[in-house]
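Notes for the structure review
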Amino acid sequence: MENNKIVQSGNSERELALKIVGLNKTLGRKQILHDINFEAYRGEVFGFLGPNGAGKTTTIKVILGLLSLDEGSIEVSGVDINKKFEKAMANIGGIVENPDMYKHLTGIQNLEQYARMRNGVNRERIDEVVKLVGLSNRIKEKIGKYSLGMRQRLGVAQAILHKPNVLILDEPTNGLDPAGIKELRDILKGLAHEEGICVMVSSHLMSEMELMCDRVGIINEGKMLGVYTIEEMISGSRNGTAEYIFEVSDVKKTCTLLEGIKYVVIDENRIDVEFNKETARDDVADVIQALVTAGIKVYSVSAKENKKLEDVFIEMTNSGGAQIG
Ligand SMILES: Nc1ncnc2c1ncn2[C@@H]1O[C@H](COP(=O)(O)OP(=O)(O)O)[C@@H](O)[C@H]1O
Ligand SMILES: [Mg+2]
C-alpha cells in the first residue's frame, strides 16, 4: 500500500483510505452531485457537513455501492470500486438508513446472523466489536428493548464486523438524545483514533461536527465547498494565518512599515494585519517594536475575533456556494 501513503505537513504519515475524484450523479432529470472531490484517511473522523438536500446521502450511497456513479472514481484503500467492486467493498462498512435488525432476536443473535453473511467473521471478532461499541452488558437482551442509541451502536458493530478500513455513517446521531449522541461520538472517535479506521460521518449540524470530527468536508447544493480541519474552521483561519487588529496613531505611516506583510486598513485608527499562525506571536512583537521605534503610538493590539464553526458554515452555505480558502 506504499503508493497510498502520502506525507502530510508535520511529518505525520497518514494512510489514504477513501479517495473521491470528480463524482457526478444525476437522478431523474436533476444533477444532484457536481464534481465531488475529497480524501479521507485512516485514523480520522471525517465529517461530511451540509444542509438538508445538499447531497450527503446520495454521495454516501454512491460510495457504498448502493447507487451507481455517472462519472468520477472512488478508491477504497487504493481499490477502485468500478474496477474491483467486491474487493473495494471488503474494506468498507456503512449505515445509510436504519440498519436491518431482527427485533425478536437479541443483540448478539443479530450479530451472529449478520456474521453468517460475511466471510471470515469468527466468534472472537463478534466479541471484539461488541466491546468496541460498549454493548457488552446488554448484548444478550432482545433488540426490542434497546434504545435508539443502542440500536445505532449495534448497527456500528454490524458494519465493522468484517474489519473494514472505512466506516461510513449517514447522519448517525439523528433522533438520539444528548447522552446517546455523546456515547456514539466517543465510540466513533475511538474507532478512528485507536483502531485506525477512517470514520466518515455526515451531519447537517455544525455543532456536532465540531465535537466529533478531525476534519470536515462541506457540501452544499451538490458541490464541495472545501475540506477544513476543525481548528481552521473555528479560528476562521483557513490557511494557517492569524489576523490581528492594530490600533495606532498613524495608519498611513504604519502601512509603509508593513512592507511584505498582508494588511487591510479598517479606519483611520485601525488596521487588520495578517501573520503566519506559527510565527504570529513573535511577528506581532516585532511590528509593535518597529511602530514604536518609528514614533507611532500603539494603543492596542488584539487577535481578530475568532469565528465559530457555525458562523463559518452559515456564511458558506448562504453565499451561493462561493469557494473559500
Ligand atoms: N431518487 C431521487 N430522484 C431525484 N432526486 C433525488 C432523489 N434522491 C434525492 N434526490 C434529491 O437530491 C438532492 C440531494 O439529496 P440527498 O442526497 O438526500 O441530500 P442530503 O442527504 O444532504 O439531505 C435533494 O435535492 C433531493 O431532493
Ligand atoms: Mg440525507
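Our focus in this paragraph is the overall build of the protein. Each helix and strand counted, the protein has 11 helices and 15 strands in total. In the protein, which comprises 325 residues, the proportion classed as buried is 37%. In the protein, of all internal contacts separated by at least 6 residues, the share reaching a separation of at least 24 is 69%.

In this section: the environment of Ala294. Examined against the element boundaries, Ala294 turns out to sit in the loop between α10 (280–293) and β15 (298–303). Between the alpha carbons of Ala294 and Lys253 there is a distance of 8.7 Å; along the sequence they are 41 residues apart.

Spatially, β7-β8-β9-β4-β10-β11 is the arrangement adopted by the six strands of the open sheet, whose pairing is mixed. Where the open sheet ends on each side, the last strands, each with one partner, are β7 (92–95) and β11 (223–229). Between one strand and the next, the sheet's axes are offset by a mean angle of 15°, whatever the strand orientation. Bridging between strand β10 (residues 215–220) and β11 involves six bridges; their strand directions are antiparallel. Note that in β11 the partner of Arg215 across the bridge is Thr229. Its contacts with the sheet put helix α6 (residues 178–193) on β4 (45–49), β8 (166–169) and β9 (198–203), and the angle it makes with β9 is roughly 145°.

Right, let's get into helix α5 (residues 148–160). Look at α5: 19 Å from first C-alpha to last across 13 residues, which is about the 18 Å you get at 1.5 Å a residue. The buried fraction of α5 amounts to 11 of the 13 residues, a majority that puts the element mostly inside the structure. Close packing links the buried residues of α5 with β7, α3 (107–116), α4 (123–132), β8 and α6.

Over its 14 residues, α10 runs 20 Å from end to end, which matches the ideal 20 Å to within 8%, given 1.5 Å per residue. Downstream of α10 by a residue or two, Gly295 has a phi angle that is positive, lying close to 85°.

At Ser77, a position not held by glycine, the phi torsion is positive, near 45°. As for its placement among the helices and strands, Ser77 is situated in the loop between β5 (71–76) and β6 (79–80). The exposure class assigned to Ser77 is buried, which follows from the 21 C-beta atoms found within 10 Å. Even without being a glycine, Glu171 presents a positive backbone phi close to 45°. Its location among the elements puts Glu171 in the loop between β8 and α6.

With 69 residues, the main nonpolar core has Ala157, Cys198, Val199 and Met200 as its most contacted residues. Discounting chain neighbours no more than four positions away, the residues touching Val199 are Val45, Phe46, Leu167, Leu188, Leu191 and Ala192. Counting residues in hydrophobic clusters, the runner-up holds eight residues, among them Ala242, Phe246, Val248 and Leu291.

Our next topic: the site of ligand 1. For ligand 1, the full set of nearby residues is Leu27, Gly28, Lys30, Ile32, Gly50, Asn52, Gly53, Ala54, Gly55, Lys56, Thr57 and Thr58. At three residues, the largest contribution of residues to the shell around ligand 1 is made by helix α1 (residues 56–63). When the residues that make up the shell around ligand 1 are grouped by side-chain class, the tally is three nonpolar, seven polar and two charged.

Residue-level pLDDT values for the protein average 88, and 88% of them are 70 or greater. Counting contacts from residues 1–11, a segment whose pLDDT is below 50, to residues more than four positions away or on other chains yields 13 contacts. Contacts for the low-pLDDT stretch residues 320–325, under 50 throughout, to residues beyond four places or in other chains number 13 contacts.

Bridge count for strand β2 (residues 13–27) against strand β3 (residues 30–41) is eight bridges, and the pairing is antiparallel. Looking across to β3, one finds that Lys19 is bridged to Glu39. As paired strands, β2 and β5 are joined by five bridges and run antiparallel to one another. Pairing of Val21 across the sheet is with Ser73, part of β5.

Moving on: the packing of α5 against α6. Here α5 crosses α6 at 15°, and the two axes come no closer than 9 Å. Between α5 and α6, the interaxial angle falls into the category roughly parallel. Of the two possible hands of crossing, α5 and α6 adopt the one that is right-handed. Residues Leu148, Gly149, Gln152, Arg153, Val156 and Ile160 of α5 touch α6, and the partners they reach there are Gly180, Glu183, Leu184, Ile187 and Leu191. Each residue belonging to the contact of α5 with α6 can be placed in one class, and the counts come to six nonpolar, three polar and two charged.

With that out of the way, let us pick up the sheet that holds strand β14 (residues 270–276). If you walk across this open sheet you meet the four strands as β13-β14-β12-β15, and the pairing is antiparallel. Either end of the sheet is taken by a strand with one partner, and the two such strands are β13 (262–265) and β15. On average, each strand axis in the sheet is inclined to that of its neighbour by 25°, with strand direction left out of account. Direction of pairing for strand β12 (residues 241–248) relative to β15: antiparallel, over a ladder of five bridges. Following the sheet pairing, Glu247 is matched in β15 by Ser300.

What counts, and where the lines are drawn
- Residues numbered from 1 in each chain as written.
- Chains lettered and ligands numbered in written order.
- Predicted model: local features only at pLDDT ≥ 70, side-chain atom pairs only at ≥ 80, totals over all residues.
- Helix = DSSP H or I, 4+ residues; strand = E, 2+ residues; numbered from the N terminus.
- Buried ≥ 20, exposed ≤ 12 C-beta atoms within 10 Å, placed from the backbone.
- Contact = placed C-beta atoms within 7 Å.
- Pairing = 2+ DSSP bridges.
- Axes fitted to C-alpha atoms, helices over the stretch in contact; angles between N-to-C directions.
- Expected span 1.5 Å × (residues − 1).
- Core = buried A, V, L, I, M, F, W, Y, C linked by C-beta atoms within 7 Å.
- Near = placed C-beta within 6 Å.
- Nonpolar A, V, L, I, M, F, W, Y, C, P; charged D, E, K, R; others polar.
- pLDDT = per-residue confidence, 0-100.
- Parallel < 35°, antiparallel > 145°, perpendicular 65-115°, else oblique.
- Left-handed = near helix turned anticlockwise from the far one by under 90°.

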